[in-house]
Amino acid sequence: MKPIKIAGIFLALFCSVSAYAQVATVIPKKVSLIKNAIGTLSLFVDFEMEMGDEELDPDFWITAAERPSVSIQYADQKETDCQLTVNPALSPGSIGFTVTGFNQETLRRFLNGDKDNQIKLVIDTDIKVRLMARDGFPSPRYWLIKAEVANKMMNDGLTFSDADRADFLTYLNNFYYYENMVDFGIMPGKDSTSSEYILSMRFQNAYNRKDFLKCDPKKKGFPIYWSLDTRLSTNFSDSLNYIKFYPLNFLFEDFSKKIPYQFNVKLGHESSQDFANKRGILDASLNFIIPNLINLTTAQSNRLRLKPVITAGVKGYYDYSNGIESFASGQAHIDGHYYIPVFNNYAIIIDGGVFYDVSNERNPDKKVLGNYSITLGAEIPKTGFKAMFKYVDGKTDINFRQGSIISIGLLMDFFQEQRKTN
Amino acid sequence: MAFLKRNQIKPVVFQSLKTIADLPADPEASSFDSMNNFQKHVFLSTLKGKLNALPYFMNDGSTSFLAYYDIFLLPDSTDDWPTVKDCIDWINDNQRVIYL
């Protein structure tokens, strides 16, 4: 045997032993399903690894041949027109697959308990990953997860229950919950029997939440939803009371633009609590954020100075209030919400709106009218904002009557209200 | 480089916050408490969009468009982060590289 051939055999043997020694077969710590409801809607199958001083090297999978092969299995060949998309993914301490492109049907079938029509993920080849030191220097070590081990973990430990599915859809619907609130107040009278109780509510909810899901992961549905905005009190004739119910709302949004916005169109009914003033309306409005107008923090403050949120819109209405001849007209309106941090712990919250009614019946003087509330409070660590004082003043855009309220609630959630003028 | 380092994540979080707020000298100590849901929605959507738009940074410093960075968020994710610092740390630990 020639020396060069012997050297070649030794080199080959060394390389194969060396390569074998670098690859360790491992079992993931656990598998879980992670939900994403912002941007492209997705579910993520995540194999968490037992990491030491190293982390997974994401460069290794840039070469497509090194990535594991994975497929979607549709039970009983019940395929769908809307195929799911799977992409492999790595985090510093986990290996996974992101699944996108759900519609109503595929979300219902994905990892459900019914094996006959289940859609599940199947890993076709062993998963090989490279490790690297946390300083970013590639390590010569590799981990191998056997495909059958990964598939067994998914079969045994990964389900997407009906409750999970309902939660996921609720998360999607939460986009439209941004104004939901309930507020309760008491307006003390001369004696306990003459006290008035006040309830303010704002709710929005979608009729068809599943329409948020679109086959194309880049698209999101525009479901129809309803909304209710009301202030009720035991004094039915309180000029500040109103009921606004919009059974049809459409919302379009784009947060990728320089000025992120939401465009809202709603059809509904607005009235005073006693229904003396009432009208059917069609309203189109735009939500957007404008630059800050004031700075009341100190240089030492570490508080975010949130910018005002503005809603500008136009409204057409048909007024059929009691005691007048019905008429159709319109309004332009601008509403705003501004949270102003003051020094290190205090805050002023201004909520208000101005409107211009074009009708001679409601606005014969052609004035711009409006209403506002100012709340002074303190941010208490771990308990959030607590209101200490609230003042409401102005004319409502339904009955055009003036009203003002002082609410005093010293670090309490429930206000005590006191009418100043009416 | 591969996974984003904290000093790469920080400007993305700050830029996203600037869509809804002016920042103090030490934004990492700020909390998300006083945001209303519209502001949270704008912040989270912008944050995710900006991370997705980054090129993938290879270990050798070059970039690739065969992968992108992502995070998994829910509408109430800001409730899990007491401060902006916690948000940055969470992204540091939970970022994903998604392969195309």
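Coordinates for the structure precede this section.
Below is a summary of the structure that appears in this document. (Residues numbered from 1 in each chain as written. Chains lettered and ligands numbered in written order. Predicted model: local features only at pLDDT ≥ 70, side-chain atom pairs only at ≥ 80, totals over all residues.)

## Some thoughts on the overall build of chain B
The condition that has to hold: Per the convention used, a helix needs a DSSP run of H or I reaching at least four residues, while a strand needs a run of E reaching at least two, with both numbered from the N terminus. What the globule rule says is 2.2 Å times the number of residues to the power 0.38, and the radius of gyration is computed from C-alpha atoms. Using C-beta atoms placed from the backbone, we call a residue buried if 20 or more other C-beta atoms fall within 10 Å of its own, exposed if 12 or fewer do, and partly exposed for counts in between.
Within chain B one finds three helices and five strands. Helices and strands in chain B line up, N terminus first, as α-β-α-β-β-β-α-β. Expected size for 100 residues packed as a compact globule is a radius of gyration near 13 Å; at 14 Å, chain B falls within 12% of this value. Classification of the 100 residues of chain B by burial places 47% in the buried group.

## Regarding the overall build of chain A
Quick note on the threshold: Two residues qualify as being in contact provided that their C-beta atoms, derived from the backbone, are within 7 Å of each other.
Within chain A, the regular secondary structure consists of four helices and 24 strands. Residues counted as buried form 29% of the 422 residues belonging to chain A. Considering only contacts in chain A between residues 6 or more positions apart, those separated by 24 or more positions represent 54%.

## What to know about unusual backbone geometry
Residues and elements named next belong to chain A. Phi at phenylalanine 275 is positive, roughly 60°, even though this residue is not glycine. You can call phenylalanine 275 exposed: it has 11 C-beta atoms within 10 Å. Here the phi dihedral of lysine 366 falls at roughly 55°; this positive angle occurs in a residue that is not glycine. As for its placement among the helices and strands, lysine 366 is situated in the loop between strand E20 (346–357) and strand E21 (368–380).

## What about the sheet that holds strand E5 (residues 96–99) of chain B?
Condition: Here, a strand pair is defined by DSSP locating no fewer than two bridges between the strands. For every element, the axis is a line fit to its C-alpha atoms; helices are fit only across the contacting stretch, and the angle between N-to-C directions ranges from 0 to 180 degrees.
The six strands are arranged E2(A)-E3(A)-E7(A)-E6(A)-E5(B)-E4(B) in an open sheet whose pairing can be described as antiparallel. On the outer flanks of this sheet lie strand E2 (30–36) of chain A together with strand E4 (67–70) of chain B, each paired with one strand and no other. For this sheet, the mean angle separating the axes of adjacent strands, direction not counted, is 30°. Where strand E6 (residues 85–91) of chain A and strand E7 (residues 94–100) of chain A come together, seven bridges link them in antiparallel fashion. Within E7 of chain A, the position partnered with proline 88 of chain A by the bridge is phenylalanine 97 of chain A.

## Some remarks on the packing of helix H1 (residues 6–18) of chain B against helix H3 (residues 84–94) of chain B
Residue and element names in this part refer to chain B. Under the convention used in this document: The scheme is simple: roughly parallel for angles under 35 degrees, roughly antiparallel for over 145, roughly perpendicular for 65 to 115, oblique for anything else. Two helices cross in a left-handed way if the nearer one is turned anticlockwise from the farther one by less than a right angle. They cross in a right-handed way if the turn is clockwise. Gly falls in the polar group here, along with every residue not listed as nonpolar (Ala, Val, Leu, Ile, Met, Phe, Trp, Tyr, Cys, Pro) or charged (Asp, Glu, Lys, Arg).
Direction vectors running N to C along H1 and H3 enclose 130°, while the axes themselves pass 9 Å from each other. Relative to H3, the element H1 is oriented oblique. Seen along the crossing, H1 lies across H3 with a hand that is right-handed. Across from Arg6, Ile9, Lys10, Val13 and Leu17 in H1, the residues of H3 making contact are Val84, Cys87, Ile88, Ile91 and Asn92. By residue class, the composition of the contact of H1 with H3 is seven nonpolar, one polar and two charged.

## Comments concerning the interface of chain B and chain A
Between chain B and chain A, the residue contacts involve 46 residues of the former and 49 residues of the latter. At the level of elements, strand E1 (21–22), helix H2 (37–53), H3 and E5 of chain B are the ones that each hand at least two residues to the side of chain B that touches chain A. Counting residues per element, the side of chain B that touches chain A draws most heavily on H2 of chain B, at 11 residues. Tallied by class, residues from the side of chain B that touches chain A come to 25 nonpolar, 15 polar and six charged. Of the pairings in the sheet, the one linking strand E17 (residues 305–306) of chain A to E1 of chain B comprises two bridges and is antiparallel in character. Considered in E1 of chain B, the bridge of arginine 305 of chain A is made with aspartate 22 of chain B.

## A few points about the environment of proline 341 of chain A
Residue and element names in this part refer to chain A. Assignment of secondary structure puts proline 341 in strand E19 (residues 327–342). Sequence spacing of proline 341 and threonine 298 is 43 residues, and the spatial spacing of their C-alpha atoms is 9.8 Å. Setting aside residues no more than four positions away along its own chain, proline 341 makes contact with Leu296, Thr297, Ser301, Arg303, Arg305 and Ala347.

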